[in-house]
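# Structural overview for review
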Number of protein chains: 2
Amino acid sequence: MGNEGEAEIPTGVVTRLFLDAALAADAVVPLTGERVHYLRNVLRRASGDRVGLFNGRDGEWTARIDRLGKAEGTAVVERQIRPQTPEPDLWLVFAPIKKARIDFVAEKATELGVSALWPVFTRYTSVTRVNTDRSRANAVEAAEQTERLSVPRILQPAKLQAAMAAWPGERRLLVCAESGAAQPIAQALEEAARDATAAQGAWAILVGPEGGFAPAELDALRKVATVTRVGLGPRVLRADTAALAALACWQAILGDGSLRPPDRAA
Amino acid sequence: MGNEGEAEIPTGVVTRLFLDAALAADAVVPLTGERVHYLRNVLRRASGDRVGLFNGRDGEWTARIDRLGKAEGTAVVERQIRPQTPEPDLWLVFAPIKKARIDFVAEKATELGVSALWPVFTRYTSVTRVNTDRSRANAVEAAEQTERLSVPRILQPAKLQAAMAAWPGERRLLVCAESGAAQPIAQALEEAARDATAAQGAWAILVGPEGGFAPAELDALRKVATVTRVGLGPRVLRADTAALAALACWQAILGDGSLRPPDRAA
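Residues numbered from 1 in each chain as written. Chains lettered and ligands numbered in written order. Predicted model: local features only at pLDDT ≥ 70, side-chain atom pairs only at ≥ 80, totals over all residues. Heavy atoms only, no water.

When helices and strands are counted, chain A shows 8 helices and 13 strands. Rg of the C-alpha trace for chain A: 20 Å, near the compact-globule value of 18 Å for 266 residues, within the 12% margin. Here the C-alpha coordinates of chain A stretch approximately 60 × 40 × 30 Å along the principal axes. Within chain A, residue pairs in contact and separated by at least 24 positions form 76% of the contacts whose partners lie at least 6 positions apart. Working note: accessible area of chain A is about 11,400 Å², and carbon and sulfur atoms make up 50% of it. Here chain A carries 33 positive and 32 negative side-chain charges, and the mean point of each set is 5 Å from the other. (Helix = DSSP H or I, 4+ residues; strand = E, 2+ residues; numbered from the N terminus. Rg over C-alpha atoms; globule rule 2.2 N^0.38 Å. Contact = heavy atoms within 4.5 Å. Areas by Shrake-Rupley, 256 points an atom, 1.4 Å probe, with all protein chains shown as cover. Lys, Arg positive; Asp, Glu negative; His and termini not counted. Charge placed at Lys NZ, Arg CZ, Asp CG, Glu CD.)

Shown next, in the form of structure tokens:
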């Protein structure tokens, strides 16, 4: 997409790193793990180079790399360039299928601004384990590249029925449904946009596995008071496509679709 | 996504094949190429098994496999199960980056209902060749799996400036823009939805390369009378994510988002 080459991005700040340390002027923060290798060997960065840092709490700061060893290093925080701002509270609840698809969903859902990803196991899903560390790493990388100031949480994988039984009552849930009655997604979102409580509330999107839900799972879903079944048109989408389509529509109509990316050239 | 296991899909009709031959009752149509291998060796189909056939013109028909050799075969067309219906006229114009991404975009854009894919080369794109046969094959496979009755055309790759200079005047063009002035995409689409001429007209979505457009390309874009620059929120999306997000919003708000998939169980 076009940054349009209107001006140069200040050297170094194009590289953004997520870390856990508190960020404040003159703080010395540790650089650890994969990102040290990445900075040193892929980006060829060295002491004195500048990076952007964010931790999901303190906004984004510039920092100078102070020391960059083989396995760890330090950076000195300079000044805040963006304050932390509130982000939409939108979960994606999805039934993972294959490892490559989970990576893909974690990456794209992060780009599309989810606040949490919740892998759920369903009756007709053969996957019974999710590497949440790996999903987390994909989400961190996508957040670094997409100008987010946060990284979505990866919630503890659970069985769908248990997840629905423990559903947080006030969180509205859109269930993408290919068969049976469903409201067109744009209509459901436009109605919600006209209702201030709904528009500012907590939301989730659930995309089932391609094999569909089992009857007991459908029962569990019906018991969630905040469920709306939504349709995504006449084409049968793969589960990952459905997830991205629903997230994109949500952000455009009900989320932060009217905001603009930060101007790196400023 | 949920077919919800409400009823069994009739045996065989779950496999849909796209071909070029005319479809009419009792017609004998040739089965050729990759799909013969796929039917025989992957799906283990044999003479007498039933498949669904569509060609983008005659709706969908059931057919019985008559003969299935190693490299070719024939099927006998039975009856029409879905008429051909009009589909939204939405092009995706995109600057390809890597082979895997092009495959991905062809697949997902087909699921999201584009009528044509137009690869364009830009000043800041290093890719200078696109294997359109390969994109076509990805589109065919996605169309077969997504219940479409058509396969998007793959337009002849061209330089962006030439494509814009020859732009079909009546086709509205949404340009996904990360910087500079832009209207939120939902707002632009909702306005168009209230204008019958716009809502029923021909459209295209253009997503530039991640390196942005060159000044001469921006000039060429400005000369297209039907351009609207649209924004997709505060996150900087990868080009493929931006394409899918824009297509999903277009279909939900202006396209066929209120239609439902066919009921295979009927």
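With that out of the way, let us pick up the sheet that holds strand β2 (residues 28–32) of chain A. Each strand in a sheet pairs with its neighbour through backbone hydrogen bonds, running either in the same direction (parallel) or in the opposite one (antiparallel). All names here are of chain A. Taken in spatial order, the 5 strands make up an open sheet running β1-β3-β4-β5-β2, and their pairing is mixed. The open sheet is flanked by β1 (16–18) and β2, the only strands paired with a single partner. Geometrically, the sheet is characterised by an average inter-axis angle of 45 degrees between neighbouring strands, direction not taken into account. Sheet strands touched by helix α1 (residues 34–42): β1, β2, β3 (50–54), β4 (60–68) and β5 (72–82). Its angle to β2, the strand with the most contacts, is close to 90 degrees. Those strands touched by helix α3 (residues 132–145) are β1 and β3, and its axis lies near 145 degrees from that of β1. (Pairing = 2+ DSSP bridges. Axes fitted to C-alpha atoms, helices over the stretch in contact; angles between N-to-C directions.)

Turning our attention to the sheet that holds strand β4 (residues 60–68) of chain B. All names here are of chain B. Strand order in this open sheet of 5 strands is β1-β3-β4-β5-β2, and the pairing throughout is mixed. With one partner strand each, in any of the chains shown, β1 (16–18) and β2 (28–32) form the two edges of the open sheet. Strand-to-strand twist across the sheet, computed as the mean angle between neighbouring axes with direction ignored, equals 45 degrees. Two elements, strand β3 (residues 50–54) and β4, share 5 bridges in a ladder whose sense is antiparallel. Counterpart to Phe54 in the pairing with β4 is Glu60. Its contacts with the sheet put helix α1 (residues 34–42) on β1, β2, β3, β4 and β5 (72–82), and the angle it makes with β2 is roughly 90 degrees. Against the sheet, helix α3 (residues 132–145) engages β1 and β3, with an angle of about 145 degrees to β1.

It is worth spelling out the environment of Arg123 of chain B at this point. Residue and element names in this part refer to chain B. Inspection of the secondary structure puts Arg123 in the loop between β7 (116–121) and α3. A sequence separation of 115 residues divides Arg123 from Arg238, and the C-alpha atoms of the two residues are 18 Å apart. Contact partners of Arg123, with chain neighbours within four places excluded, come to Ala214 and Glu217.

The interface is formed by 63 residues belonging to chain A together with 63 residues belonging to chain B. Taken together, the two surfaces of chain A and chain B that pack against each other cover about 5,300 Å², and 52% of this comes from carbon and sulfur. Close ionic contact of Arg235 of chain A with Asp256 of chain B constitutes a salt bridge, the shortest N to O distance being 2.9 Å. For the pair chain A and chain B, the number of links is 28 residue pairs in polar contact (both at pLDDT 80 or more). Elements with a minimum of two residues in the side of chain A that touches chain B: α2 (99–111), α3, α5 (185–193), β13 (227–231) and α8 (239–253) of chain A. It is α8 of chain A that provides the largest number of residues to the side of chain A that touches chain B, a total of 11 residues. Among the residues forming the side of chain A that touches chain B, the class breakdown is 29 nonpolar, 18 polar and 16 charged. (Buried area = accessible area lost by both parts, 1.4 Å probe. Salt bridge = Lys/Arg side-chain N within 4 Å of Asp/Glu carboxyl O. Polar contact = N/O pair within 3.5 Å; in protein donor to acceptor, adjacent residues only side chain to side chain. Nonpolar A, V, L, I, M, F, W, Y, C, P; charged D, E, K, R; others polar.)

For the structure on display, the rule yields 11 aromatic pairs over all chains. Between Trp91 of chain B and Trp167 of chain B, the ring centres sit 5.8 Å apart and the planes meet at 80 degrees, which makes this aromatic pair edge-to-face. A residue pair is termed long-range when its members are at least 10 positions apart, and Trp91 of chain B in strand β6 (residues 90–94) and Trp167 of chain B in the loop between α4 (160–165) and β10 (172–176) qualify at 76 residues. Residue Trp91 of chain B shares its accessibility class with Trp167 of chain B, and that shared class is buried. Its end group placed over the ring of Phe54 of chain A, Arg16 of chain A keeps NZ or CZ at 4.3 Å from the ring centre. (Phe/Tyr/Trp six-rings, centres within 6.5 Å; stacked < 30°, edge-to-face > 60°. Buried < 20%, exposed > 50% of the residue type's maximum accessible area, 1.4 Å probe, protein only. Lys NZ or Arg CZ within 6 Å of the ring centre and 35° of its normal.)

Below, the discussion takes up α3 of chain A. Residue and element names in this part refer to chain A. Over its 14 residues, α3 extends 20 Å from the first C-alpha to the last, a length consistent with the 20 Å expected when each residue adds 1.5 Å. Tucked into the core, α3 has its buried residues touching β1, α1, β3, α2 and β8 (153–154). Where α3 starts, the residue carrying a side-chain oxygen 3.2 Å from the main-chain nitrogen of Asp133 turns out to be Asn131. (Expected span 1.5 Å × (residues − 1).)

Residues and elements named next belong to chain B. Tracing the backbone through its elements, the reader meets Asp58 in the loop between β3 and β4. Take Asp58: its relative accessible area is 23%, and that puts it in the partly exposed class. Residues Asp58 and Gly233, 175 residues apart in the sequence, show an inter-C-alpha distance of 41 Å. Sequence-distant contacts of Asp58, defined by excluding residues within four places in its chain, comprise Ala22, Leu23, Gln80, Arg82 and Gln84.

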